[in-house]
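# Observations on the model geometry
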Amino acid sequence: MLRKCVAQDLVQETFLAALRTSASFAGRSSERAWLFGIFRNKLADHYRLQNREIATADPEAPLPEEQGAFGRSGLGKDGWIIRLASGIPASAAGLAAR
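Residues numbered from 1 in each chain as written. Predicted model: local features only at pLDDT ≥ 70, side-chain atom pairs only at ≥ 80, totals over all residues. Heavy atoms only, no water.

Scanning the protein for helices and strands turns up four helices and zero strands. Counting from the amino terminus, helix and strand elements in the protein follow one another as α-α-α-α. Looking at the protein residue by residue over its 98 residues, the buried ones come to 8%. In the protein, 39% of the contacts between residues at least 6 apart in sequence involve partners at least 24 apart. Approximately 8500 Å² of the protein is accessible, and the part contributed by carbon and sulfur atoms is 58%. (Helix = DSSP H or I, 4+ residues; strand = E, 2+ residues; numbered from the N terminus. Buried < 20%, exposed > 50% of the residue type's maximum accessible area, 1.4 Å probe, protein only. Contact = heavy atoms within 4.5 Å. Areas by Shrake-Rupley, 256 points an atom, 1.4 Å probe, with all protein chains shown as cover.)

Taken N-terminus to C-terminus, the directions of helix α1 (residues 4–20) and helix α2 (residues 31–52) make an angle of 125°; their axes are 9 Å apart at the nearest point. Between α1 and α2, the angle falls in the class oblique. In terms of crossing hand, the pair formed by α1 and α2 is right-handed. Facing V6, L10, V11, E13, T14, F15, A17 and A18 of α1, the residues of α2 in contact are W34, L35, I38, F39, K42, L43 and H46. Considering only residue class, the contact of α1 with α2 consists of 11 nonpolar, two polar and two charged. (Axes fitted to C-alpha atoms, helices over the stretch in contact; angles between N-to-C directions. Parallel < 35°, antiparallel > 145°, perpendicular 65-115°, else oblique. Left-handed = near helix turned anticlockwise from the far one by under 90°. Nonpolar A, V, L, I, M, F, W, Y, C, P; charged D, E, K, R; others polar.)

Right, let's talk about the pattern of salt bridges for a bit. Side-chain pairs of opposite charge can arise where the charged atoms are in close proximity. Applying the stated criterion to the full structure yields one salt bridge. In this structure, D45 engages R48 in a salt bridge whose closest nitrogen and oxygen atoms are separated by 2.7 Å. With a gap of three residues between them, D45 and R48 both fall in helix α2, about one helical turn apart. Take R48: its relative accessible area is 42%, and that puts it in the partly exposed class. (Salt bridge = Lys/Arg side-chain N within 4 Å of Asp/Glu carboxyl O.)

The next thing to look at is the side chain of T14. Position of T14 relative to the elements: it lies in helix α1. When residues no more than four places from it in sequence are discounted, the contact partners of T14 are L35, I38, F39 and K42.

Another aspect to go through is α1. Taking 1.5 Å per residue, 17 residues should reach 24 Å; α1 reaches 24 Å between its end C-alpha atoms and fits that length. Residues of α1 that are buried: V6, L10, T14, A17 and A18. One side of α1 holds all its buried residues, which, seen down the axis, span an arc of 115°. Facing away from the buried side of α1 by more than 90 degrees, the exposed set consists of K4, Q12, L19 and R20. For α1, the elements touching its buried residues are α2. (Expected span 1.5 Å × (residues − 1). Arc of directions from axis to C-beta.)

Let us now look at the layout of surface pockets. Space inside the largest pocket adds up to approximately 180 Å³. What lines the largest pocket is a set of 10 residues, among which V6, L10, E13, H46 and L49 lie closest to the centre. Among the elements that take part in the lining of the largest pocket, α2 stands out by supplying five residues, more than any other. Residues that form the lining of the largest pocket fall into these classes: three nonpolar, two polar and five charged. (1 Å grid on protein atoms, 1.4 Å probe; cavity = no way out; pocket = protein on both sides within 12 Å on 5 of 7 lines; lining within 4 Å. Points joined across faces, edges and corners; volume = space filled by probe spheres on them.)

See the structure below:
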């Protein structure tokens, strides 16, 4: 179910898109059908983008693709950087700081 403000935004985006592409309107259908087609595409885009959004309730929570990627060492997201840096000789570590 769409909220009223989202529906109004979609209608506004529909009219803006119609104005931008008005030169491509060939007249093979009525203007109403053409606008409805644009609206239908905007609505599909809205739901598609809504499904891609990630909830930001806990920004430190690992993403699904990160589950188990850092082992069980408890080092967290930056653990691999710490492990990598601990293996770099001191002479080479000075080069990286330059």
